[in-house]
Amino acid sequence: MTERTEAIVIGGGQSGLVAGYHLARAGIPFVILDAGSRVGDAWRNRWDSLELFTVAQYCSLPGLRFPGSAGHFPTKDAMADYVEEYARTFDLPVRLGTRVTSLEPTPDGYRLDTSSGVYEAPHVIVATGAYLLPKIPSLADNLNDDVFQVHTGGYHNPAQIPGKNVVVVGAANSGAQIAKDLSGTHRVVLSQGSKLPHAPRRFLGKGLHWWGDHFGLIAKPLEGERDRLHKKTLLVGPSLTKLSKRHGFELAGRTIATQGRTMRFEDGSQTEADAVVWATGFRSDYNWIKTPVFDDQGTPVQERGVTGAPGLYFLGLQCQYSYGSALIWWVKEDASYIVDHLRSASRQDVRKV
């Protein structure tokens, strides 16, 4: 059986749900396909102690206020429960347990092969996020089999990590938070590559995103600077030096070599590891999209989410249009733009018929 509708949203995270909110308001028939077993699982399955560095005021999606005081920092479970409630409140048609395995063009739109059947639509919004696959360096291959290794995508809590000596490789926000999480039960070395700029979670009593909003920095169009800004990472919270002194973990340079149980660092130091947490980021995975809308690096070629393939859109990419394109509060701006474009295209198609 093939199910056909006017628009399909791939991904039931906050970006996909906001797209659904705008599609519903526009009166466009649609479904949202999500591989998870429960709305919010993308948040729910992250490490146990994860706390957002975005205050609740800027965790709200259009039409539903985030519960609690505006100035608190939600936990990942609170965020998961909120997006689940959002889908329920607006009765968004989310098809859970539906993993899209292939998207390919047809004469009148797109065909999606999924784990639960075939879907077709003239319009598709890809809201899966850019980074789905763990990126682990080849250095991991030189470690002994008895060295426990896990990527941040599979890390949950300190009880999961055997032994005493742990090296966390990668000192951006995830790596810094996990080093802090492990420091109460393990001897932790945090391996840092390039030094990152940092900013406090709060400044003069206001959350970081409050300042970015009120000075217009987050929503400002990037005007061709996407490639440069895309590579920037801001460490939110205390500096690594302050964090390491406060929680008692060690800082080391970039990891340059591994052998057996030994980790060697760019600053000339080395340590023996019982376990390694790879906080080395994720990479994109668009091999399932059989439409030529990607550059040589596999990045979607788009203008505010609109691609050169009629009816195919991307939503929630980092620096897609502004700093806010991948941020919870601001994704509504790109979603609204895409749905307006989609609606205009639908009207033109009707007039042609």
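All values derive from a computational prediction rather than experimental measurement.

> Even after reading the chapter, I still don't get the sheet that holds strand S10 (residues 148-151), so can you show me in this structure?
Strand pairing in a sheet relies on backbone hydrogen bonds. The paired strands run either parallel or antiparallel. Sheet architecture is open: five strands sit in the order S10-S21-S11-S12-S17, paired in parallel fashion. In this open sheet, the two edge strands, each paired with only one partner strand, are S10 and strand S17 (250-252). Taking each pair of neighbouring strands and ignoring which way they run, the sheet shows an average axis angle of 20°. In this structure, strand S12 (residues 187-191) lies alongside S17, joined through three bridges in parallel fashion. Bridging from a neighbouring strand, Ser191 pairs with Ala252 of S17.

> Looking at this structure, how should I read the packing of aromatic side chains?
Note on aromatic pairs: each is described by the distance of the centres and the angle between the planes. All chains considered together, the criterion is met by 13 aromatic pairs. Consider the rings of Tyr21 and Tyr86, whose centres lie 6.2 Å apart with planes at 45°: the pair is tilted. Separated by 65 residues along the polypeptide, Tyr21 in helix H1 (residues 14-25) and Tyr86 in helix H3 (residues 76-89) bring together distant segments of the chain. For the pair shown, Tyr21 and Tyr86 are each scored as buried.

> Which parts of the structure should I look at to understand the layout of surface pockets?
A water-sized probe, rolled over the atoms, reveals where empty space remains. If you add up the space inside the second largest pocket, you get close to 350 Å³. In terms of lining, the second largest pocket is formed by 16 residues, of which the most central are Glu51, Gln177, Lys180, Arg201 and Leu243. Going through the elements one at a time, helix H4 (173-182), strand S16 (235-236) and helix H7 (240-247) are the ones with two or more residues in the lining of the second largest pocket. A per-element tally of the lining of the second largest pocket places H4 first, with five residues.

> I tried to follow the nonpolar core on my own but got confused; where do I start?
One broad trend across soluble globular proteins is that nonpolar side chains are buried collectively. Leu17, Leu23, Met79, Ile125 and Leu315 are the most contacted members of the largest nonpolar core, which has 37 residues in total. Of all the secondary-structure elements, those providing two or more residues to this core are strand S2 (7-10), H1, strand S3 (30-33), H3 and helix H8 (331-352). Leave out the neighbours within four places in its chain, and Leu17 touches Gly12, Ile32, Val39, Val83, Tyr86, Ala87, Leu92 and Val94. Membership of the second largest hydrophobic core comes to 21 residues, among which are Leu50, Ala176, Leu235 and Ala275.

> Explanation requested: the pattern of salt bridges in the structure shown.
Two side chains with opposite charge may pair up if their charged atoms get near one another. Tallied over the full model, the rule gives 18 salt bridges. In this structure, the salt-bridge partner of Glu266 is Arg254, at a minimum N-O distance of 3.9 Å. Placement of Glu266 in the loop between strand S19 (262-265) and strand S20 (270-272) and of Arg254 in the loop between S17 and strand S18 (255-259) is noted, with a sequence separation of 12 residues between them. The partly exposed category is assigned to Arg254, whose relative accessible area is 35%. Between Arg261 and Asp274 there is a salt bridge; the shortest N-O distance is 2.6 Å. With Arg261 in the loop between S18 and S19 and Asp274 in the loop between S20 and strand S21 (275-278), this pair connects stretches of sequence that are 13 residues apart. Judged by relative accessible area, Arg261 falls into the partly exposed class, the value being 24%. What emerges from the salt-bridge pattern is a single network uniting Arg38, Asp41, Arg44, Asp81 and Glu84.

> Quick question: what am I supposed to make of the pairing of S18 here?
Note on strand geometry: in a regular strand, side chains alternate between the two faces of the sheet. As defined by bridge partners, S18 adjoins S19 across four bridges and the pair is classed as antiparallel. Looking across to S19, one finds that Ala257 is bridged to Arg264. Counted between consecutive antiparallel strands, the loop separating S18 from S19 contains two residues, among which Gly260 sits at a positive phi close to 65°.

> In this structure, what is going on with the packing of H1 against H3? I would like to understand it.
Packed helix pairs are specified by the crossing angle of their axes together with the interaxial distance, meaning the distance between the axes. Contact geometry of H1 with H3 gives a least axis separation of 11 Å together with a crossing angle of 20°. Compared by their axis directions, H1 and H3 come out roughly parallel. Every pair of crossing elements has a handedness; the one defined by H1 and H3 is left-handed. Of the residues in H3, those touching H1 at Gln14, Leu17 and Tyr21 are Val83, Tyr86 and Ala87.

> Would you take a moment to explain the sheet that holds S19 for this structure?
Spatial ordering of the open sheet is given by S18-S19-S20, a layout of three strands whose pairing is antiparallel. Strand pairing shows two members of the sheet lacking a second neighbour, S18 and S20, which therefore form its edges. Shown here is a sheet whose adjacent strand axes are inclined to one another by a mean of 20°, direction ignored.

> I tried to follow unusual backbone geometry on my own but got confused; where do I start?
The phi angle of most residues is negative, glycine excepted, and most peptide bonds adopt the trans form. One non-glycine residue with positive phi stands out, namely Leu204, at about 55°. By the element assignment, Leu204 lies in the loop between strand S14 (202-203) and strand S15 (206-207). Here Leu204 falls in the exposed class, since its relative accessible area comes to 68%. You will see that Arg304, though not glycine, has its phi angle at about 50°, which is positive. Topologically, Arg304 is positioned in the loop between strand S23 (302-303) and strand S24 (306-307). Looking at Arg304, the relative accessible area reads 16%, which means it is buried.

> Before we go on, may I ask you to explain H3 in this structure?
For the α-helix, the turn length of 3.6 residues means that residues three or four positions removed from each other point alike. The terminal C-alpha atoms of H3, which comprises 14 residues, lie 20 Å apart, in line with the 20 Å expected from a rise of 1.5 Å per residue. Where H3 is concerned, the buried positions are Lys76, Met79, Ala80, Tyr82, Val83, Glu84, Tyr86 and Ala87. Tucked into the core, H3 has its buried residues touching H1, helix H2 (41-44) and strand S4 (94-95). In the segment just after H3, Asp91 is the residue with positive phi, at about 50°.

So, how was this worked out
- Residues numbered from 1 in each chain as written.
- Predicted model: local features only at pLDDT ≥ 70, side-chain atom pairs only at ≥ 80, totals over all residues.
- Heavy atoms only, no water.
- Pairing = 2+ DSSP bridges.
- Helix = DSSP H or I, 4+ residues; strand = E, 2+ residues; numbered from the N terminus.
- Axes fitted to C-alpha atoms, helices over the stretch in contact; angles between N-to-C directions.
- Phe/Tyr/Trp six-rings, centres within 6.5 Å; stacked < 30°, edge-to-face > 60°.
- Buried < 20%, exposed > 50% of the residue type's maximum accessible area, 1.4 Å probe, protein only.
- 1 Å grid on protein atoms, 1.4 Å probe; cavity = no way out; pocket = protein on both sides within 12 Å on 5 of 7 lines; lining within 4 Å.
- Points joined across faces, edges and corners; volume = space filled by probe spheres on them.
- Core = buried A, V, L, I, M, F, W, Y, C linked by side-chain atoms within 4.5 Å.
- Contact = heavy atoms within 4.5 Å.
- Salt bridge = Lys/Arg side-chain N within 4 Å of Asp/Glu carboxyl O.
- Parallel < 35°, antiparallel > 145°, perpendicular 65-115°, else oblique.
- Left-handed = near helix turned anticlockwise from the far one by under 90°.
- Expected span 1.5 Å × (residues − 1).

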